[in-house]
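Structural features, examined
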Amino acid sequence: MTYENEILLDWYLLFHYGTAAEILHGGEVSENQLPPGCLKFPLATVAAAPPGQGSQRALDLGCAVGRSTFELSRTYEEVIGIDFSARFVAAGESLRNGDALHYRRYGEMHRPEPLVARAPAGLTSERIRFEQGDAMDLRRDLGSFDLVHAANLLCRLPEPLRLLKQLPALVTGGGYLVLATPATWMEEYTPWENQPLGATLDYLREHLAETFVLESVQEIPFLIREHQRKLQLSASQTSLWRRRG
């Protein structure tokens, strides 16, 4: 699956910026039939960590089209959103610049319907920067951050251990790390030999415990609409880690 695909861009813009009414329009499912919060996943994973204070920095890895990046900017002085998809990054940057971004929701897949995404109100866009990058090979001059947030990224990396090995240098002493993953390990993304042998949380403990303390674990539901009759309901195991002094 390529994340430069126009249909995927449409799906993710709706996932990140669509209202409940827009996401569920035309279907047979109502919001009260769904797990609470599943339509606000990019906000829920940000809320899994303490808010920023003062001049703190945050890094949003695998930011997709940027909703969590915007949310982090409410309390962090500087936020960098990085994604491998140039198309996703361009969408986030357009929204940061105040553009209304036209995209499509699908009734049936051959019947697109026009929608518009806008950046959340009340934010300071100067705090945010979007850039294309590889989470397994980040540029070395990024510096360190008081929070690193990576939602639904880990099980889409060919070599997830390359990301985990970078994290101690990316998170400041006493800072936080949020790793959210549905643990949908598939060989088309991650070769078998690079996938965890056991449970994903045990894999994270094995590679992070020397430098990080596990603070909490929660299951955060999320829903992605492909079309009105195909709503993908999943849960992302969201672990919060604190960097040792």
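Description of the structure in this document. Note that this is a predicted model, so its numbers are computed, not measured. (Residues numbered from 1 in each chain as written. Predicted model: local features only at pLDDT ≥ 70, side-chain atom pairs only at ≥ 80, totals over all residues. Heavy atoms only, no water.)

Moving on to unusual backbone geometry. In this model, Ala64 sits at a positive phi of 55°, which is unusual for a non-glycine residue. One can find Ala64 in the loop between strand 1 (57-61) and helix 4 (67-72). Taking relative accessible area as the criterion, Ala64 reaches 7% and is therefore assigned buried. Its identity is not glycine, yet Ala183 carries a phi of approximately 55°, on the positive side. By the element assignment, Ala183 lies in the loop between strand 7 (171-181) and helix 7 (200-208). (Helix = DSSP H or I, 4+ residues; strand = E, 2+ residues; numbered from the N terminus. Buried < 20%, exposed > 50% of the residue type's maximum accessible area, 1.4 Å probe, protein only.)

Here we come to the sheet that holds strand 2 (residues 78-83). With mixed pairing, seven strands are arranged side by side in an open sheet as 5-2-1-6-7-9-8. Each edge of the open sheet carries a strand with a single partner, namely strand 5 (128-132) and strand 8 (212-227). Going from strand to strand, the sheet's axes swing by 15° on average, the running direction of each strand aside. In this sheet, strand 9 (residues 230-243) lies alongside strand 8 in antiparallel orientation, the contact comprising 14 bridges. The residue of strand 9 that forms the bridge with Leu223 is Leu233. (Pairing = 2+ DSSP bridges. Axes fitted to C-alpha atoms, helices over the stretch in contact; angles between N-to-C directions.)

Mapped onto the elements of the fold, Leu177 is located in strand 7. A relative accessible area of 0% places Leu177 in the buried class. Those residues in contact with Leu177 that sit more than four places away from it in its chain are Leu147, Val148, Leu167, Leu208, Phe212, Ser239, Leu240 and Trp241. (Contact = heavy atoms within 4.5 Å.)

Remark: helix 1 (residues 6-17) packs on helix 5 (residues 86-96), axes separated minimally by 10 Å, with the N-to-C direction vectors making an angle of 45°. As far as their axial angle goes, helix 5 and helix 1 are oblique. Judged by the sense of rotation from one axis to the other, the crossing of helix 1 with helix 5 is right-handed. On helix 5, the residues touching Glu6, Leu8, Leu9, Tyr12, Leu13 and Tyr17 of helix 1 are Arg87, Phe88, Ala91 and Leu95. Its residues placed into classes, the contact of helix 1 with helix 5 shows eight nonpolar, no polar and two charged. (Parallel < 35°, antiparallel > 145°, perpendicular 65-115°, else oblique. Left-handed = near helix turned anticlockwise from the far one by under 90°. Nonpolar A, V, L, I, M, F, W, Y, C, P; charged D, E, K, R; others polar.)

In the contact formed by helix 6 (residues 160-170) and helix 7, the axes pass within 10 Å of each other and the chain directions differ by 45°. With respect to helix 7, the element helix 6 is oriented oblique. With respect to the hand of their crossing, helix 6 and helix 7 are arranged in right-handed fashion. Across the interface between the two elements, Pro160, Leu161, Leu164 and Leu167 of helix 6 pack against Tyr203, Leu204, His207 and Leu208 of helix 7.

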